[in-house]
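So you can see what is in the structure, the chains are spelled out below.
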Amino acid sequence: MQNADIARILNRLANMLDIEGANAFRVHAYRSAAQTIESHPRALQEMVTHDAPLTELDGIGRDLAEKITELINTGRLTVLEEAEKRLPSGLLQLLRVSQLGPRRIRQLHEALGIDSLETLKKAARDGRIRALEGFGEKTEAGILKEAERLNDAPPRTRLDEAHRAADDLIAWLEHAKSAQRLSAAGSLRRGRETVGDLDILVSSEDGPAIMAHLMAYPEIAETVSHGKTKSTLRLHSGLQVDVRVVGDESFGAALYYFTGSRAHNIATRKMATDRGLRINEYGVYKGKQQLAGRTEEEVLAQIDLPWIPPELRENRGEIEAALEGTLPELVTLDDIRGDLHMHTTASDGKASLEDMARAAKRRGYRYIAVTDHSQRLAMANGLDARRLREQMTEIDALNERLKNFTVLKGNEVDILEDGSLDLPDDVLKALDVCVFSIHSRFDLSREKQTARILRAMDNPYVNILAHPTGRIINGREGYDVDMEAVLHGAKARGVFLEINAQPARLDLADHWARMARDIGVMLAINTDAHATEQLGHMALGVTQARRGGLERQDVLNTRTVTQLRKLMKR
DNA sequence: GCCGTTTTCGGCCCGACTGTTTTCAGTCG
């Protein structure tokens, strides 16, 4: 059981108690424990095995420690099972409908017997919801629209969760005696922001031995199918996994075949056919003779192509570029010299200014920008002009103590509804880096939202538009905005956009990143870290940038601090 | 449910804003 699994279960329990109307502080305690556990560097399962006290974690007391231990030791949680007996499981689905929170869900359940998305939609269509106290026609229509959207979009697993699951399974399979080479394939290897299921590939001369070893993997919840060279499983997390074994002489061909994408593979297989060759998961064949298969490079060389990075294999022009020799030299994590968006305890971060700086330095960075929230986000303890100036003084003092490292003065200033900014110009002017972003009024029309952002860009002191669409993966759609107009506006004004590397955001999405590159707007890849460990999300952001075809020179934070300072002066 | 002590209970959830419901639930990080 992984930390993410424990966190998911605690959140599930919190949601159920919330709908039941339990004490809000109790619900909050479960949620905050889940959050702590998810970002805890050590596996709780291992802590329990070694009798390390779980109460050392923030927000975990005697009771929660006991419950978590029960969960780890037995795979079950009594309080959750009891709650599940009291409450239809479909009610949890309803929380995904924006406009519905725990109170209203309870009300819908009690008054109308609604217990699932299906019954919710039926009640909305029948016009029964508008009759309830606190609801009206507009709310009813909004609920119906949301419920219908959710229905035809089964949730895919976020890239970070899929990575963790794949890494753990591969580590397990590496211990099988006959395992030779191992790799994840599929959309995970292509770095898509979400994956449907995991594809794990192993080369070995003894398929049945690998499969026997696999079957002992403790995370398996259900075996869907089980053969000599291929098995399909469902993990406790709900994620489906395909594991395939091929001979080592076919590993490259299989890796290529199962990495996809389907559209990419169809295109290259056609190229092979034109040459009288056949490509399948075992190799490149002329008749019955295998010409290649050991590595991807050898497979692609048979059709006169260089190796193509998996992130580009979507049949979006990469094959043509490969033929012409114009494949981009994609940005790598090693190219990143700093991180330009993060929070500290001054607003809603978990670590102090100095701790964030030192953690970034340990990662090998040369600089960071500290960008706490501005005053309007009172809930996140946003900074007003006075507190921001105090922080600047603090940063000056810190910079004197740090060697070979620069903390840049920044802020994540809120864009207000009319496109004005949440802090006065004279304080924005004093910043080294001004990140600006939207945290309210997601509901504006496309025209108004676009005009709002362009107006914010007119301010001469802003630099980087953060999480430019506001979307949350598996959570909410972004606001409606004309991204092409925003990018052209940014280009004209010397403003930059962000690829926010938070796993739930990854905003900009890959296609927008590519458009930015084509228009000539540099992007910053930033983690928006609220704790030191979250600085590690940079890798996800880099993957997203690679999918957009970005090279080193397209990314702002591959620059030196001197170059960066110049680019920030508009 | 956690935390901390003024030790076994009281405080903790922070606050501005929106919508259309008419007095508050939901949203934002």
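Residues numbered from 1 in each chain as written. Chains lettered and ligands numbered in written order. Predicted model: local features only at pLDDT ≥ 70, side-chain atom pairs only at ≥ 80, totals over all residues. Heavy atoms only, no water.

**Student:** Explain the overall build of chain A to me, using residue names and the numbers behind them.
**Tutor:** Across its full length, chain A holds 24 helices and 17 strands. For 570 residues, the compact-globule estimate of 2.2 N^0.38 gives 25 Å, and chain A sits close to it at 26 Å. Expressed as lengths along the three principal axes of its C-alpha atoms, the size of chain A is roughly 75 × 60 × 55 Å. Split into buried and exposed, the 570 residues of chain A put 52% on the buried side. Of all intrachain contacts in chain A linking residues separated by at least 6 positions in sequence, the fraction that spans at least 24 positions is 67%. In chain A, 79 positive and 86 negative side-chain charges are present, and the distance between their average locations comes to 2 Å. (Helix = DSSP H or I, 4+ residues; strand = E, 2+ residues; numbered from the N terminus. Rg over C-alpha atoms; globule rule 2.2 N^0.38 Å. Buried < 20%, exposed > 50% of the residue type's maximum accessible area, 1.4 Å probe, protein only. Contact = heavy atoms within 4.5 Å. Lys, Arg positive; Asp, Glu negative; His and termini not counted. Charge placed at Lys NZ, Arg CZ, Asp CG, Glu CD.)

**Student:** Give me the UniProt feature "domain: Polymerase/histidinol phosphatase N-terminal" (unreviewed entry) in chain A: which residues, what numbers.
**Tutor:** Within the UniProt annotation, "domain: Polymerase/histidinol phosphatase N-terminal" (unreviewed entry) is assigned to residues 338-417. Structurally, residues 338-417 is divided into 34% helix and 19% strand, and its ends, taken at the C-alpha atoms, are 31 Å apart. (UniProt positions renumbered as here; feature names shortened; annotations may be inferred.)

**Student:** Now, about the side chain of His341: what can you tell me, with residues and values included?
**Tutor:** Within the secondary structure layout, His341 lies in the loop between strand 11 (338-339) and helix 17 (353-362). A distance of 3.0 Å separates a polar atom in the side chain of His341 from a polar atom in the side chain of Glu412. Beyond its immediate sequence surroundings of up to four residues, His341 is in contact with Ala369, Thr371, Glu412, Val435, Ala466, His467, Glu498, Asn500, Asn526, Thr527, Asp528 and Ala529. (Polar contact = N/O pair within 3.5 Å; in protein donor to acceptor, adjacent residues only side chain to side chain.)

**Student:** A description of the domain arrangement of chain A should follow, citing residues and the corresponding values.
**Tutor:** By the assigned domains, chain A splits into domain 1 (3-151), domain 2 (157-324) and domain 3 (333-568). Averaged C-alpha coordinates put domain 1 and domain 3 at centres separated by 32 Å. (Domains from an automatic or database assignment.)

**Student:** Before we move on, could you go through helix 17 and cite the residues and values that matter?
**Tutor:** Here helix 17 has its buried residues at Leu353, Met356, Ala357, Ala359 and Ala360. Buried positions in helix 17, seen along its axis, are confined to an arc of 165° and lie on one side of it. Considering only its buried residues, helix 17 is in contact with strand 12 (367-370), helix 18 (385-401) and strand 13 (406-414). Downstream of helix 17 by one or two residues, Gly364 has phi in the positive range, about 90°. (Arc of directions from axis to C-beta.)

**Student:** Please give an account of the pattern of salt bridges that cites residues and values.
**Tutor:** Across all of its chains, the model carries 43 salt bridges by this definition. In this structure, the salt-bridge partner of Asp418 is Arg455, at a minimum N-O distance of 3.7 Å. Of the two residues, Asp418 sits in the loop between strand 13 and helix 19 (425-429) while Arg455 sits in helix 20 (residues 446-458), which places them 37 residues apart along the sequence. The class of Arg455 is partly exposed, set by a relative accessible area of 42%. In the salt-bridge network here, residues are joined through shared partners; they are Arg190, Glu314, Arg316, Asp510 and Arg547. (Salt bridge = Lys/Arg side-chain N within 4 Å of Asp/Glu carboxyl O.)

**Student:** Outline the nonpolar core, listing residues and values.
**Tutor:** As a rule of thumb, nonpolar side chains are buried together in soluble globular proteins. Residues Val407, Phe436, Met457 and Leu497 are the most contacted members of the largest nonpolar core, which totals 59 residues. When residues of this core are assigned to their parent elements, the largest contribution, five residues, is made by helix 17. Once residues lying within four places of it in the same chain are set aside, the contact partners of Val407 are Leu353, Ala357, Ile368, Val370, Ile395, Leu398, Asn399 and Leu402. One finds Leu44, Leu57, Leu71 and Ile105 within the second-largest nonpolar core, a separate group that totals 50 residues. (Core = buried A, V, L, I, M, F, W, Y, C linked by side-chain atoms within 4.5 Å.)

**Student:** So what about the sheet that holds strand 10 (residues 289-292)? Which residues, and what values?
**Tutor:** Within the open sheet, the three strands sit side by side as 8-9-10. Their pairing is antiparallel. Of all the strands in the sheet, the pair left with one neighbour each is strand 8 (278-280) and strand 10. When strand polarity is set aside, the average angle formed by the axes of neighbouring strands in this sheet is 40°. The sheet contact formed by strand 9 (residues 283-286) and strand 10 spans three bridges and is antiparallel. Looking at strand 10, one finds that Val284 is bridged to Ala292. (Pairing = 2+ DSSP bridges. Axes fitted to C-alpha atoms, helices over the stretch in contact; angles between N-to-C directions.)

**Student:** How would you explain the UniProt feature "domain: Helix-hairpin-helix DNA-binding motif class" (unreviewed entry) in chain A if you had to name every residue and give the values?
**Tutor:** Sequence positions flagged by UniProt for "domain: Helix-hairpin-helix DNA-binding motif class" (unreviewed entry) are, in local numbering, residues 52-71, 92-111 and 127-146. With 50% helix and 0% strand, residues 127-146 has its two end C-alpha atoms placed 16 Å apart.

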